[in-house]
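Now for the letters of each chain:
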Amino acid sequence: MYQELRKAIERPPLYKKMAEAFWDDAYISKQMLKAHLDPDFEGASRKVDFIDESVRWISRLVPPEKQTQLLDIGCGPGIYAEKFAALGYEVTGVDYSRRSIAYARDSASKQQLNITYLFDNYLEMALPQQFDFITLIYCDYGALNPEERKLLLKNVLAHLKPGANFCSMYLRLHSF
Ligand SMILES: C[S@@+](CC[C@H](N)C(=O)[O-])C[C@H]1O[C@@H](n2cnc3c(N)ncnc32)[C@H](O)[C@@H]1O
């Protein structure tokens, strides 16, 4: 009994991953979507003013010229992707939650925004094209362990056209 209790409250090693799916779990993905869409809660997406300011800042760094292909990894329900598309970027969004991707597709279609959404793991994705710009928004990089960070950066690099940019909010702009 004591051993079991001790095991239950033991602090897990840093960055220990669950064996089960997390982002695509039925309950977790439902709560995440609710949190993303709550304009007064900053636990999943930032508040609207901050998002708008971030999008303006990003679009100043890499302006949406003709057919600027932008890949937003960990796009959630497409809050940023829609704003990027409205500014003229050709947007692809990738997320590991089927529920968020379904919501994002539906929302884009209702607003007649031409955005490609893909259910995929950004640590493993192998998309058939390269992009002018990749974004990863909301500190996701910080939640990855050192091996995953290497994998992510390798994968981002593989999906960038030569000389293109990766913006990992809120770290800094990485130029390759
Ligand atoms: C904190 S939310 C941020 C969502 C969005 N960038 C925003 O700021 O509104 C993190 C998102 O990353 C997605 N995600 C986490 N790990 C992922 C992975 N390995 N591949 C793709 N998406 C992932 C989650 O499903 C979630 O939608």
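It should be noted that the structure appears before, not after, this text.
Here the structure is a predicted model, which is why all the values come from computation and not from measurement. Along each chain, the written sequence defines residue order, and numbers are assigned to residues from 1. Per-residue local features are limited, in this predicted model, to residues with pLDDT of at least 70; the limit for side-chain atom pairs, both in listing and counting, is 80 or more; totals at the level of whole chains, interfaces and linings are taken over all residues. Water and hydrogen atoms play no part in the side-chain values, which are based on all heavy atoms of the structure.

Student: So what exactly am I meant to see when it comes to the pairing of strand β4 (residues 131–136) here?
Tutor: Along any regular strand the residues' side chains alternate between the sheet's two faces. In terms of burial, β4 is a largely internal element, five of the six residues being buried. Taken together, the four bridges between strand β1 (residues 69–73) and β4 define a ladder with parallel strand orientation. The residue bridging L71 from the neighbouring strand is I134, located in β4. Paired strands, as defined in this entry, are two strands with at least two bridges between them according to DSSP. Secondary structure elements are taken from DSSP: a helix is a run of H or I of four residues or more, a strand is a run of E of two residues or more, and numbering for both begins at the N terminus. As paired elements, β4 and strand β5 (residues 160–168) share five bridges and run parallel to each other. When the bridges of β5 are listed, I134 appears paired with F166. Handedness of a crossover: with both strands directed away from the viewer, a clockwise path from the first strand across the helix to the second marks it as right-handed. What joins β4 to β5 is helix α6 (residues 146–158), and the crossover it makes is right-handed. Residue burial is assigned from relative accessible area. The probe radius is 1.4 Å, only protein chains are included, and a residue is buried under 20% of its type maximum, exposed over 50%, and partly exposed in between.

Student: Sorry, what's going on with the site of the ligand here?
Tutor: When we say a residue is near a molecule or strand, we mean one of its heavy atoms is within 4 Å of it. As a matter of local geometry, the ligand sits amid 17 residues, with S45, G74, D95, N121 and Y122 nearest to it. Here an oxygen atom of the ligand and a side-chain polar atom of D95 are 2.6 Å apart. For the purposes of these results, a polar contact is taken to be a pair of N or O atoms within 3.5 Å, where, inside protein, one atom must be able to donate a hydrogen and its partner to accept one; residues adjacent in sequence count only when each atom of the pair is a side-chain atom. Between I137 and the ligand, the recorded distance is 2.9 Å, taken from a backbone N or O atom to a nitrogen atom. Only the protein chains shown count as cover for residues, and all accessible areas are computed by the Shrake-Rupley method using a 1.4 Å probe. In the complex, the protein chains occlude 95% of the 600 Å² of accessible area that the ligand would expose alone. In terms of residue class, the shell around the ligand is built from eight nonpolar, six polar and three charged. Charged residues are taken to be Asp, Glu, Lys and Arg, nonpolar residues to be Ala, Val, Leu, Ile, Met, Phe, Trp, Tyr, Cys and Pro, and polar residues to be all remaining types, Gly included.

Student: Help me out: how do you make sense of a nonpolar patch on the surface in this one?
Tutor: Like-charged residues within 9 Å of one another, or nonpolar side chains (Val, Leu, Ile, Met, Phe, Trp, Tyr) within 5 Å, are grouped into patches, provided each residue has over 30% relative accessible area and no salt bridge. For this analysis, a salt bridge means a side-chain nitrogen from Lys or Arg found within 4 Å of a carboxyl oxygen belonging to Asp or Glu. Together, M18, F22, W23 and Y96 give the surface a local cluster of nonpolar side chains, amounting to about 400 Å² of exposed area. Overall, the relative accessible area of 36% leaves Y96 in the partly exposed class.

Student: Explanation requested: helix α5 (residues 98–110) in the structure shown.
Tutor: Because each turn of an α-helix spans 3.6 residues, side chains separated by three or four positions in sequence point in the same direction. An ideal rise of 1.5 Å per residue puts 18 Å on 13 residues; α5 measures up with 18 Å between its terminal C-alpha atoms. What α5 keeps buried is the set S100, I101, A104, S107 and A108. The buried side chains of α5 occupy one side of the element, clustering within an arc of 130 degrees when seen end-on. Exposed residues pointing more than 90 degrees away from the buried face of α5 are listed as R98, S109 and K110. Throughout, a contact is declared for two residues whenever any of their heavy atoms are within 4.5 Å. Among the structural elements, α2 (26–37), α4 (79–87), β2 (90–95) and β3 (116–119) are those in contact with the buried residues of α5. Immediately beyond the C-terminal end of α5, within one or two residues, lies Q112, with a positive phi of roughly 55 degrees. Helix span, expected: 1.5 Å multiplied by one less than the number of residues in the helix. The arc in question is traced by the directions running from the helix axis to the C-beta atoms.

Student: I keep staring at the environment of N155 and nothing clicks. Help me out?
Tutor: Counting through the fold element by element, N155 comes out in helix α6. For the pair N155 and F84, spaced 71 residues apart in sequence, the C-alpha separation works out to 22 Å. Apart from the residues within four sequence positions on either side, N155 is in contact with Y122, L123, E124 and M125. Among the polar contacts listed, one links the side chain of N155 to the backbone oxygen of L123, at a separation of 3.3 Å.

Student: Quick question: what am I supposed to make of unusual backbone geometry here?
Tutor: The phi angle of most residues is negative, glycine excepted, and most peptide bonds adopt the trans form. We note that Q67 has phi near 55 degrees; this positive angle belongs to a residue other than glycine. For Q67, the position within the fold is in the loop between α3 (48–61) and β1.

Student: It is not clear to me how the environment of S45 should be interpreted in this structure. Could you clarify?
Tutor: If you trace the backbone, S45 turns up in the loop between α2 and α3. Accessibility expressed as a relative area gives 7% for S45, which makes it buried. Distance in space between the C-alpha atoms of S45 and L118 is 19 Å, their sequence separation being 73 residues. Setting aside residues up to four positions removed in sequence, S45 forms contacts with H36, I51, I79 and Y138. Within the structure, S45 has its side chain in polar contact with the side chain of H36 (distance 2.9 Å).

Student: Help me out: how do you make sense of the pattern of salt bridges in this one?
Tutor: Where charged atoms of side chains with opposite charge meet at close range, the side chains can pair. By the definition in use, this model includes six salt bridges. Note that K110 is salt-bridged to D106, the shortest N-O span being 2.8 Å. Highlighted residues: K110 and D106, both in helix α5, separated by four residues, approximately one helical turn. Here K161 makes a salt bridge to D132, at a shortest N to O gap of 3.1 Å. Residue K161 is found in strand β5, and its partner D132 is found in strand β4; the two are separated by 29 residues along the sequence. Judged by its relative accessible area of 22%, D132 is partly exposed.

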